[in-house]
Amino acid sequence: YDIKLLNVFVQRMEVETPNVALRYGLGSHVYSLQIPSQFAYFAKLADYGTANIQAESTGQPVTIAQFTTLENTPPDFLILGDEATQGHGHDNFGLGLSMLHLFTGHAPYEE
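Residues numbered from 1 in each chain as written. Predicted model: local features only at pLDDT ≥ 70, side-chain atom pairs only at ≥ 80, totals over all residues. Heavy atoms only, no water.

### Re the overall build of the protein chain
Let me state the cut-off plainly: Numbered from the N terminus, helices here are DSSP runs of H or I no shorter than four residues, and strands are runs of E no shorter than two. We call two residues contacting when some pair of their heavy atoms lies within 4.5 Å. Using a 1.4 Å probe, accessible areas were evaluated by the Shrake-Rupley method; residue-level cover was limited to the displayed protein chains.
Counting secondary structure elements, the protein chain contains two helices and four strands. Counting from the amino terminus, helix and strand elements in the protein chain follow one another as β-β-β-β-α-α. Counting only contacts in the protein chain whose residues sit at least 6 apart along the sequence, the fraction spanning at least 24 positions is 54%. In the structure as shown, the protein chain presents an accessible area of about 8,200 Å², 60% of it carried by carbon and sulfur atoms.

### Brief notes about helix α2 (residues 88-104)
Applied cut-off: The span one expects for a helix is its residue count, reduced by one, times 1.5 Å. The buried label applies to any residue whose accessible area, calculated with a 1.4 Å probe on protein chains only, is under 20% of its type's maximum; exposed applies above 50%, and partly exposed to all values in between. For this quantity, the arc is that covered by the directions from the helix axis to the C-beta atoms.
Its 17 residues give α2 an end-to-end C-alpha distance of 24 Å, which sits within 8% of 24 Å, the value for a rise of 1.5 Å per residue. Every buried residue of α2 is listed here: H90, G94, L97 and S98. Considered in projection along α2, the buried side chains sweep an arc of 95 degrees and stay on one side of the axis. α2 presents H88, N92, L102 and F103 as exposed residues on the side facing more than 90 degrees away from its buried surface. Phi turns positive, to about 85 degrees, at G105, one or two residues after α2.

### Some remarks on the packing of aromatic side chains
Heads up, the rule is: For Phe, Tyr and Trp, rings pair up if their centres lie within 6.5 Å, where Trp contributes its six-membered ring, and each pair is then called stacked (planes under 30 degrees apart), edge-to-face (over 60) or tilted (otherwise).
Scanning the model with the defined rule gives one aromatic pair in all. Note on Y24 and Y31: the rings are 5.4 Å apart at their centroids and 25 degrees apart in plane angle, and the pair reads as stacked.

### Thoughts on a nonpolar patch on the surface
Put simply, the rule reads: Residues enter patches when they are more than 30% accessible in relative terms and free of salt bridges; like-charged ones are connected within 9 Å and nonpolar ones (Val, Leu, Ile, Met, Phe, Trp, Tyr) within 5 Å. When a carboxyl oxygen of Asp or Glu is within 4 Å of a side-chain nitrogen of Lys or Arg, the pair counts as a salt bridge.
A grouping of L22, Y24, L26, Y31 and L33 is seen on the molecular surface, where their side chains present a nonpolar patch of about 510 Å² in accessible area. Elements with a minimum of two residues in the nonpolar patch: β2 (19-26) and β3 (29-36). When residues of the nonpolar patch are assigned to their parent elements, the largest contribution, three residues, is made by β2. The residue L22 is located in strand β2 in this model.

### Quick word on the confidence of the model for the protein chain
Just so we agree on the cut-off: A score between 0 and 100, pLDDT records how confident the predictor is in each residue.
Mean pLDDT over the protein chain works out to 79, with 86% of the residues at or above the 70 mark. Looking at the elements of the protein chain, mean pLDDT is at its lowest for strand β4 (residues 41-45), recorded as 77, and at its highest for β3, recorded as 90.

### Concerning the environment of T104
Here is the rule we go by: In protein, a polar contact requires one atom able to donate a hydrogen and another able to accept it; more generally it is a pair of N or O atoms within 3.5 Å, and residues adjacent in sequence count only if both atoms are side-chain atoms.
Position of T104 among the secondary structure elements: in helix α2. In terms of polar contacts, T104 uses its side chain to reach the backbone carbonyl oxygen of L100, at 2.7 Å.

### Focus on the side chain of Q86
Considering the arrangement of structural elements, one finds Q86 in the loop between α1 (75-80) and α2. The class for Q86 is buried, based on a relative accessible area of 6%. Within the structure, the side chain of Q86 is placed 3.1 Å from the backbone oxygen of P61, a separation counted as a polar contact.

Quick look at the structure:
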């Protein structure tokens, strides 16, 4: 739950083709996105400090381990405390903050 731009490395893809295709699936749907090679980059998440990727953690109570960067903490963690539960929505919250920072050039609030 600590997704922020400071934890992401970006690297240009070195390929010999005019286009790069990204294929991903969501449920039974498969999507393919093609972009010109000169605009192709990898984004690598570099800090997994509070990551909990175990499927059984969904719905489990939040622990002190999920409070690392206070500014990126989802509001329900702060409001509900240990009554809050872990879930994918919290990663989406962090991703949304990162997108806002990336698209506007300004952090929603500074650390």
